[in-house]
Amino acid sequence: MKIILTVTGLDHVGIIAAVATRLAELEVNILNVSQTLMGDYFTMIMQGSFDETTRTIEEIQEGVRPVAESAQVEIRIQSEAIFQAMHTL
Amino acid sequence: MIDTNANILETIQMIEEDKLDIRTVTMGISLLDCIDSDGEAARRRIYDKITTRAAELVSVCRGIEAELGIPIINRRIAVTPIALIAGASSDEDYVEYAKILDAAAQAVGVDFIGGFSALVDKGATPADERLIASIPRALAETDVVCSSVNIASSRGGINMTAVKRMGEVVRETAELTADAHGFGCAKLVVFANAVSDNPFMAGAFHGVQEADCVVSVGVSGPGVVKRALEKVPGVPLDACAETIKKAAFKITRVGQLVGTLAAERLGVEFGIVDLSLAPTAEVGDSVARVLEELGLETVGTHGTTAALALLNDAMKKGGLMACSRVGGLSGSFIPISEDIGMIEAAAAGAITLDKLEAMTAICSVGLDMVAVPGETSAATLSAMIADEAAIGVMNHKTTAVRLIPAIGLGVGEVVEFGGLLGRAPVMPAHEASSEVFVARAGNIPSPVHGFRN
């Protein structure tokens, strides 16, 4: 399944590293990354994919929660399907 | 990347800030194969069929919610009108059927179950009459059962005998639930031109022309439409319509996606997406605010009907292209109690029953969740139902009436329902009597354009 991760919060050292490391542990392959700063506000959008036969999206959402807490950012993980449905004809 | 980052952030903003959500995933279940001359046996089959078919409904919805990151507020069930099912039995009272629906719904964990219904637009069978007589107790003695009665159609005219009866039933229901200021009436809808695939409560039932089991979806996104309009201040109204269409497209696509996924995972047919924008009493989730964004100081003032016509039509045009099958009511919902803008307008006296009636004539679904003074007579309630039915019949559209005689309360006081049902300021009704008109009963014949063959 392809997923979109959005990470938002106050910028500080190591957010991308922490998120990427955790995703690797959860066997999520990162396909694309885009990151911007608006003032001190960090926004990252990542596209990833994982094998649905070995894991569920809920497990991945649960899996990144400790990272979100320790890095003090908000991490949303959604199926790519909702964005595709809404924005492509 | 599949999409621009702006699109991704827009979707997230819609969900988190503009309160875009799926109002309901409703499973329609046919009970025709549960008919039995023994009422006990029929009810056992009803319970078994509902709990089997809908066993996974709640968990599947939860999975979709997590996967897509969009809230699904209610999970509901609609069944075949019970008058058709219970008619074969010798039961004189159908309250037990309501209780079994209640038990089955609670067993599978859904929020509401609709279909304690009768279709009497042209005439009533003894079973229909028994069902109608059972409604007040059925609603008072169950928690999540919803009831509806179709009393008029463009083809059949208005069954004024049934209209008269329904005024009495609404009153009785209010009296039996008087401790909650007539809360039972929030679960009772009187229809003209009822539709068989409506996913919204309290008027959902599963028509006989439907497949054995289907899932349908209703979306909620007035906040999204309002935000889209905020971005184009001062543009002409045709540009507003264009903006609404685009927002409607996006909202409806999510409904289509959720419905498709739910149907696939439940192994049943996908029914329809209902294009109605469903508001809630929360700030940021109001249809009235969308109308105000178009330039009205407050909803209810002159221009409201025109603004609503624009909104409703643009929602449909945007939504139609976004999904494979549109159905249900697909109108605008302007329930008084469930929309913060409507609540405020009613409390301030800015909107009246007469204006609401005009709004329903052109595009909205009906007089919905309107609290009237507790002493309003059954005949006056019937006359209100007749007015709405006339609008529906003459305009080939669905109209619905969900009136709450607020027992013990007068104009200006507020009935608190809580949750999705919100709160309703009691609105004044006309005081002159309609008693003699309603007492005539009989039928108002269908209009000449009811015969289109």
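Residues numbered from 1 in each chain as written. Chains lettered and ligands numbered in written order. Predicted model: local features only at pLDDT ≥ 70, side-chain atom pairs only at ≥ 80, totals over all residues.

The name an unreviewed UniProt entry assigns to chain B is UPF0210 protein NBM05_09745, from the organism Rothia santali. Listed in UniProt under the heading Subunit (unreviewed entry), the comment for chain B reads: "Homodimer." A UniProt comment under Sequence similarities (unreviewed entry) is attached to chain B, and it reads "Belongs to the UPF0210 family." (UniProt positions renumbered as here; feature names shortened; annotations may be inferred.)

Where an unreviewed UniProt entry is consulted, chain A appears under the name UPF0237 protein NBM05_09740, with the organism given as Rothia santali. Listed under Sequence similarities (unreviewed entry) in UniProt, the entry text for chain A is "Belongs to the UPF0237 family."

Draft legend 1. Representation of the overall build of chain B. Assigned secondary structure in chain B consists of 15 helices and 14 strands. Whereas a compact globule of 453 residues would reach a radius of gyration of roughly 22 Å, chain B reaches 21 Å, a difference of no more than 12%. Once the C-alpha set of chain B is aligned to its principal axes, its extents read approximately 65 × 55 × 50 Å. Going through the 453 residues of chain B one by one, you find that 62% of them count as buried. (Helix = DSSP H or I, 4+ residues; strand = E, 2+ residues; numbered from the N terminus. Rg over C-alpha atoms; globule rule 2.2 N^0.38 Å. Buried ≥ 20, exposed ≤ 12 C-beta atoms within 10 Å, placed from the backbone.)

Draft legend 2. Region of interest: the nonpolar core. All names here are of chain B. In terms of nonpolar packing, the biggest core is built from 190 residues, with Ile151, Val258, Val370 and Ile404 touching the most fellow members. Of the residues forming this core, the biggest block, 13 residues, is contributed by helix 9 (residues 237-266). Summarising the domain contributions, this core has at least three residues from each of domain 1 (20-192) and domain 2 (220-444). Excluding residues within four positions of it along the chain, Ile404 makes contact with Ala174, Gly182, Cys185, Ala186, Met369, Val370, Ala371, Val415 and Ala424. (Core = buried A, V, L, I, M, F, W, Y, C linked by C-beta atoms within 7 Å. Domains from an automatic or database assignment. Contact = placed C-beta atoms within 7 Å.)

Draft legend 3. Just the sheet that holds strand 2 (residues 29-38) of chain A, in detail. Residues and elements named next belong to chain A. If you walk across this open sheet you meet the 4 strands as 2-3-1-4, and the pairing is antiparallel. One side of each edge strand has no neighbouring strand; the edge strands of this open sheet are strand 2 and strand 4 (73-79). Taking the axes of each pair of neighbouring strands and ignoring which way they run, one obtains an average angle of 15° across the sheet. The pairing of strand 1 (residues 2-10) with strand 4 spans 7 bridges and is classified as antiparallel. (Pairing = 2+ DSSP bridges. Axes fitted to C-alpha atoms, helices over the stretch in contact; angles between N-to-C directions.)

Draft legend 4. Region of the structure containing the UniProt feature "domain: ACT" (unreviewed entry) in chain A. According to UniProt, the "domain: ACT" (unreviewed entry) feature falls on residues 4-78 of chain A. Helix makes up 35% of residues 4-78 of chain A and strand 43%, with an end-to-end C-alpha separation of 5 Å.

Draft legend 5. Region of the structure containing helix 3 (residues 57-68) of chain B. Residues and elements named next belong to chain B. End to end, helix 3 covers 17 Å across 12 residues, agreeing with the expected 16 Å (1.5 Å per residue, within 8%). Listed in full, the buried residues belonging to helix 3 are Leu57, Val60, Cys61, Ile64, Glu67 and Leu68. For helix 3, the angular spread of the buried residues around the axis is 125°, confining them to a single face. Just downstream of helix 3 lies Gly69, where phi reads positive at about 70°. (Expected span 1.5 Å × (residues − 1). Arc of directions from axis to C-beta.)

Draft legend 6. Geometry of the confidence of the model for chain B. The pLDDT averaged across chain B works out to 94; a share of 99% of its residues lies at or above 70. Interface predicted TM-score (ipTM) for the complex: 0.89; the corresponding pTM is 0.93. (pLDDT = per-residue confidence, 0-100.)

Draft legend 7. Broad picture of the interface of chain A and chain B. Across the contact, 20 residues belong to chain A and 18 residues belong to chain B. Sorting elements by how many residues they give to the side of chain A that touches chain B places helix 3 (residues 80-87) of chain A first, with 8 residues.

Draft legend 8. Seen up close, unusual backbone geometry. All names here are of chain B. The peptide bond linking Met201 to Ala202 adopts the cis configuration, its omega dihedral lying at 10°. With respect to the helices and strands, the residue Ala202 is situated in the loop between strand 6 (188-192) and strand 7 (213-220). Of note in this structure, His181 is not a glycine but carries a positive phi near 55°. Despite not being glycine, Ala441 has its phi angle at roughly 55°, a positive value. Its place among the elements puts Ala441 in the loop between helix 15 (435-439) and strand 14 (443-444). Residue Ala441 is classed as partly exposed on the basis of its C-beta count, with 14 C-beta atoms lying within 10 Å.

Draft legend 9. Focus on the environment of A:Ile77. All names here are of chain A. By the secondary structure assignment, Ile77 is in strand 4. Accessibility expressed as a C-beta count within 10 Å gives 23 for Ile77, which makes it buried. When the C-alpha atoms of Ile77 and Leu89 are compared, they prove to be 23 Å apart, with 12 residues separating the residues in sequence. Among all residues touching Ile77, those that are not within four sequence positions of it are Ile3, Leu5, Ile57, Ile60, Gln61 and Val64.

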